[in-house]
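This is what each chain is made of:
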Amino acid sequence: MTWLDRTELAHLPDSARADLGHLSPVTLPKGRSLFHPGDGAEGFPLVLSGRVEVFLVGPSGREILLYAVEPGQTCVQTTLGLMGGEPYTGEALTARDTELVLIPKGLFLSLMDGSAAFREFVFRAFANRMKSTVHVLEKVAFHKIESRLAEALLDLVEDGTVTATQAELASRIGSAREVISRRLDSFARRGWVRRDRGHVTILDRDALAYLARSEGA
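To keep things clear, this report deals only with the structure shown in the data block. Positions within a chain are numbered from 1, following the residues in the order the chain's sequence is written. Residue-level local features of this predicted model are given only where pLDDT is at least 70; pairs of side-chain atoms are given and counted only at 80 or more, and the full residue set underlies all totals for whole chains, interfaces and linings. Computation of side-chain values covers all heavy atoms of the structure but excludes hydrogens and water.

Things to note about the overall build of the protein chain
1) Next: Regarding its fold elements, the protein chain presents eight helices and 10 strands.
2) Next: Whether a residue is buried, partly exposed or exposed follows from its accessible area with a 1.4 Å probe, protein chains only, as a fraction of its type maximum: under 20%, in between, or over 50%, in that order. Looking at the 217 residues of the protein chain, the share that counts as buried comes to 43%.
3) Next: Considering only contacts in the protein chain between residues 6 or more positions apart, those separated by 24 or more positions represent 68%.
4) Next: Methods summary: accessible areas were calculated by the Shrake-Rupley approach with a probe of 1.4 Å, and residue burial reflects only the protein chains presented. For the protein chain, the accessible area works out to roughly 11500 Å², and carbon and sulfur atoms hold 51% of it.
5) Next: Under the convention used here, Asp and Glu are negative, Lys and Arg are positive, and both His and the chain ends fall outside the count. A charged residue contributes its charge at one atom only: NZ of Lys, CZ of Arg, CG of Asp or CD of Glu. Within the protein chain, the 28 negative side-chain charges are centred at a point lying 7 Å from the centre of the 26 positive side-chain charges. Put simply, DSSP H or I for four residues or longer makes a helix, DSSP E for two residues or longer makes a strand, and each gets a number counted from the N terminus. Contacts are residue-level and defined by heavy atoms, with any inter-residue pair within 4.5 Å sufficient.

Considerations on the sheet that holds strand β6 (residues 90–94)
1) Next: Sheet architecture is open: four strands sit in the order β2-β6-β4-β5, paired in antiparallel fashion. The sheet is open, and its two edges are formed by β2 (33–35) and β5 (63–69), each paired on a single side. Neighbour-to-neighbour, the strand axes of the sheet open up by a mean angle of 30 degrees, direction not taken into account.
2) Next: The pairing criterion for strands is at least two bridges between them, as found by DSSP. In this sheet, β5 lies alongside strand β4 (residues 52–57) in antiparallel orientation, the contact comprising six bridges. Note on β5: the bridge partner recorded for Val52 is Val69.
3) Next: On the sheet, helix α6 (residues 166–173) packs against β4 and β5 and is oriented at approximately 70 degrees with respect to β5. Geometry is summarised by axes, namely lines fitted to C-alpha atoms with helices restricted to the contacting stretch, and by angles between N-to-C directions that run from 0 to 180 degrees.

Description of the sheet that holds strand β3 (residues 43–49)
1) Next: Spatially, β1-β7-β3 is the arrangement adopted by the three strands of the open sheet, whose pairing is antiparallel. Of all strands in the sheet, those with a lone pairing partner are β1 (26–28) and β3, marking the two edges. Within the sheet, the average angular offset between the axes of one strand and its neighbour, ignoring direction, is 40 degrees.
2) Next: Pairing analysis gives six bridges linking β3 to strand β7 (residues 98–104), with the strands arranged antiparallel. Note on β7: the bridge partner recorded for Ser49 is Glu99.

Structure below.
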């Protein structure tokens, strides 16, 4: 089995598989940067395991998590960069140890021209990513801070604990660290969580789940 057999590209024609087969996966540690604002796209990353998070960074240095790339997903900024020549406007970091394959720009463009199956994969993944990005923007625009924070805590919890700073939680839901601190204090007073330095213990998952489902502005 090759790395191709672990992806949606497993059923590409033999010619396209041969073009991609010589590429080797690499494993990047947590916290490794893949690109910065202003960089040009040099290749098309396919995540095999792990998670890459793409942030927008404002002039003040405040960050917002735009989207994450996990196995089976693609990076919309990379697709735009390779096909339209636009530089990156965000920054990408590995959120955990991540295994990926980077398809060089020249090979990517060649496959887009010559392989209908590869082109369909790219466009389908791009459409799915755009849909999820719009969903993120809708949540930031229309959902309460409390419901977005509750959803983020439930997404990040492992063995009852969320290991994340207030700044990291703020960037994930498009808010400010001070706002997150006040909301976590409110959750703690209600007995839903317990705050500790660098992590949050979930005490009432059902209450957070109910709040996460609320969609009031």
